[in-house]
Amino acid sequence: MQSLHARYPFLAAAREAVEAAAVDLGEVVATEEAVTGRALERVESAITEGTVGEPHRRTRVELLSYPVARVLVSLVDEHVCTRKYASAEAATARERFTAEFETTTEFKSTQSERIELRDLLVEFDLASAVHEAETGYWVDVGAYLELAADQRGDRWRLVNRPLADGRVRIATDDLHVLLKQAIRHRVAEGLPFDVPDVIADELDAEVEQLREVLADLDLTREIDTVVPEMFPPCMQSLLDQVQKGEHLEHHSRFAIAAFLTSIGMTTDEIVDLFQVNPGFGEEATRYQVDHIRGDTSPTEYSTPACSTMMSYGDCVNKDDLCERISHPMGYYEQKLDDAEDDELVDWREENGGDDAGEEADA
């Protein structure tokens, strides 16, 4: 096991090194507390900080913490955990390889086990698709489209890039971003997977700790996109009831208002939605929404979890994704993640702020 493998545990050579050492993960999680502890730190730091934490001083511990971390992510089995973990591993790798690429030739000659750009291009089958230019690089269109698909912002759109002979012109930093995406895809590939009971039983405490961390966090990124057809079934149902003028219990009104607040809707937009509801009072509704938002209270309230929705009878029309998600915001976030850009038509832009119900019923 080499230090290079520990720094870049997603490499095929790192996996081969672990296999060559005949490592039994069941025995590792049962007897090697340092590995399990570092794996836990790896995932927890990914969730809370967006990195995988400081590497362990021992190469074996650092390298083996990677497969154990993947086991933990699989046992937690939450989309937001998987996404954050894969992104953190990729972000950490980018920091490392960028620093190594920039190391001077003289310094490299005295150091061993440093990764080169060519190594990563070969690792991800990009060697024949990336061509060095006088400044920056040319990347074959197919490879570019695959790796840039997850990037937000107009500058990543193909129409905004120099294009010639089936190749896209990019800067060096952009190539590093594309490599980071290739790493993220590699890390996320196969997650979550089934974990044998003999391993899972040893990690009950670590899994419970990670679930508590997830429960205590605002799990969603800053969402400011309202696409009702991608709402979880429970929220689609509540929104439909609101628009039909049906009476909602207090807990149901709270749930839908908290959800709409969490996805970026303003108080005015939510108040407009509730105007057709029986017993609507603008002042009372506005106060309740501002209270949930934290404008008129010391607490910013979050959307109730699926378990709470279920206890109040608001969990309805469950689909396959509901079986794997424990929070309505997690459901919505995964739907947004999985959608193509042209599917993400914000209801407010399409309807000018009116008739949300028509979009929800469509």
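Structure's up top.
A brief structural summary. Predicted, not measured: the structure shown is a model, and the values here were computed from it.

## Topic: the overall build of the protein chain
Okay, so step 1: Counting its secondary structure elements, the protein chain contains 20 helices and four strands.
Okay, so step 2: By the burial criterion, 47% of the 362 residues in the protein chain qualify as buried.
Okay, so step 3: Once local pairs closer than 6 in sequence are excluded, the contacts in the protein chain between residues at least 24 apart make up 69%.
Okay, so step 4: For the protein chain, the computed accessible surface area is about 18,300 Å², with 45% contributed by carbon and sulfur atoms.

## Focus: unusual backbone geometry
Okay, so step 1: Residue P192 is reached from L191 by a cis peptide bond, and omega for that bond is -10°.
Okay, so step 2: Here P192 lies in the loop between helix 10 (172-188) and helix 11 (197-200).
Okay, so step 3: If you check the backbone angles, D77 has positive phi at about 55° while not being a glycine.
Okay, so step 4: Within the secondary structure, D77 sits in the loop between helix 5 (59-76) and helix 6 (79-102).
Okay, so step 5: The backbone of D125 shows a phi angle near 55°, a positive value even though the residue is not glycine.
Okay, so step 6: With respect to the helices and strands, D125 occurs in the loop between helix 8 (117-123) and strand 1 (130-132).

## Observations concerning the sheet that holds strand 1
Okay, so step 1: With antiparallel pairing, the four strands of this open sheet are ordered in space as 1-2-4-3. Either end of the sheet is taken by a strand with one partner, and the two such strands are strand 1 and strand 3 (163-164).
Okay, so step 2: As defined by bridge partners, strand 2 (residues 137-140) adjoins strand 4 (residues 167-170) across four bridges and the pair is classed as antiparallel. In the strand pairing of strand 4, V139 is matched with V168.
Okay, so step 3: Where helix 9 (residues 141-148) meets the sheet, it contacts strand 2, strand 3 and strand 4, and its direction lies at approximately 90° from that of strand 2.

## Details of the environment of Q209
Okay, so step 1: For Q209, the location among the structural elements is in helix 12 (residues 204-216).
Okay, so step 2: Each C-alpha atom of the pair Q209 and L40 lies 8.8 Å from the other, and the pair is 169 residues apart in sequence.
Okay, so step 3: Excluding anything up to four places from it in sequence, Q209 contacts L40 and E44.

## Points about helix 2 (residues 12-20)
Okay, so step 1: Those residues of helix 2 that fall on the buried side of the exposure criterion are A14, A17 and V18. The buried side chains of helix 2 occupy one side of the element, clustering within an arc of 95° when seen end-on. For helix 2, the exposed residues set more than 90 degrees away from the buried face come down to E19 and A20.

## Some details on the packing of helix 5 against helix 6
Okay, so step 1: The N-to-C vectors of helix 5 and helix 6 enclose an angle of 155°; their axes lie 9 Å apart at closest approach. Between helix 5 and helix 6, the angle is such that the two are roughly antiparallel. Taken together, the residues of helix 6 that come into contact with helix 5 (itself represented by E62, Y66, A69, R70, V73 and V76) are C81, T82, Y85, E89 and R96.
Okay, so step 2: Tallied by class, residues from the contact of helix 5 with helix 6 come to six nonpolar, one polar and four charged.

## Thoughts on helix 5
Okay, so step 1: For helix 5, which comprises 18 residues, the first-to-last C-alpha distance of 26 Å matches the rise-based estimate of 26 Å (1.5 Å per residue) to within 8%.
Okay, so step 2: Most pronounced at Y66, the bend in helix 5 amounts to some 30°, and the proline P67 follows within four residues.
Okay, so step 3: The element helix 5 is largely enclosed, with a buried count of 16 among its 18 residues.
Okay, so step 4: Two residues or fewer after helix 5 comes D77, characterised by a positive phi angle close to 55°.

## Quick word on the pairing of strand 4
Okay, so step 1: The alternating pattern of strand 4 places V168 and I170 on a buried face, while none of R167 and R169, on the opposite face, is buried.
Okay, so step 2: Two elements, strand 3 and strand 4, share two bridges in a ladder whose sense is antiparallel. Counterpart to A164 in the pairing with strand 4 is R167.
Okay, so step 3: Hairpin connection of strand 3 to strand 4: two residues between the antiparallel strands, including D165 at a positive phi of 55°.

## Re the side chain of R38
Okay, so step 1: Residue placement: R38 occurs in helix 4 (residues 33-49).
Okay, so step 2: Side chain to side chain, R38 and E62 meet in a polar contact 2.7 Å long.
Okay, so step 3: In contact with R38, not counting residues within four places along its chain, are V52, G53, E54, P55, H56, V61, E62 and S65.

## Section: the pattern of salt bridges
Okay, so step 1: Applying the stated criterion across every chain, the model contains 16 salt bridges.
Okay, so step 2: One salt bridge in this structure joins R42 and E62, with 3.2 Å as the shortest N-O distance. Of this pair, R42 sits in helix 4 while E62 sits in helix 5; the two residues are 20 residues apart in sequence, bridging distant segments of the chain.
Okay, so step 3: Residue classification places R42 among the buried positions, given a relative accessible area of 0%.
Okay, so step 4: Taking the relative accessible area as the measure of exposure, E62 reaches 2% and is therefore buried.

Reading guide: rules and limits
- By convention here, each chain's residues receive numbers from 1 onward along its written sequence.
- In view of the model being predicted, local features appear only for residues whose pLDDT reaches at least 70, and side-chain atom pairs are presented and counted only at 80 or more, with totals across whole chains, interfaces and linings using the full set of residues.
- Hydrogens and waters are ignored; side-chain quantities use all the structure's heavy atoms.
- Helix and strand definitions here come from DSSP, where helices need a minimum of 4 consecutive H or I residues and strands a minimum of 2 consecutive E residues; each element is numbered from the N-terminal end.
- Note on classification: 1.4 Å probe, protein chains only; a residue is buried when its accessible area is under 20% of the maximum for its type, exposed when over 50%, partly exposed between these limits.
- We call two residues in contact whenever any of their non-hydrogen atoms come within 4.5 Å of each other.
- Every accessible area reported is derived by Shrake-Rupley at a probe size of 1.4 Å, with residue values counting cover from the shown protein chains alone.
- Strand pairing is defined by DSSP finding a minimum of two bridges between the two strands.
- With axes taken as lines fitted to C-alpha atoms, and helix axes fitted only over the stretch in contact, angles between N-to-C directions fall between 0 and 180 degrees.
- What the arc describes is the spread of directions from the helix axis to the C-beta atoms.
- Here the word oblique covers every angle except those under 35 degrees (roughly parallel), over 145 (roughly antiparallel) and from 65 to 115 (roughly perpendicular).
- Classification convention: Asp, Glu, Lys, Arg as charged; Ala, Val, Leu, Ile, Met, Phe, Trp, Tyr, Cys, Pro as nonpolar; all other residues, Gly among them, as polar.
- What a helix should span is 1.5 Å times the count of its residues minus one.
- Working definition for bend: take the seven residues up to and ending at a residue and the seven starting at it, fit an axis to each, and measure the angle between the axes.
- We define a polar contact as two N or O atoms separated by no more than 3.5 Å, with the added condition that, inside protein, one atom must be a possible hydrogen donor and the other a possible acceptor, whereas residues neighbouring each other in sequence contribute only through side-chain atom pairs.
- We define a salt bridge as a contact between a side-chain nitrogen of Lys or Arg and a carboxyl oxygen of Asp or Glu at a distance within 4 Å.

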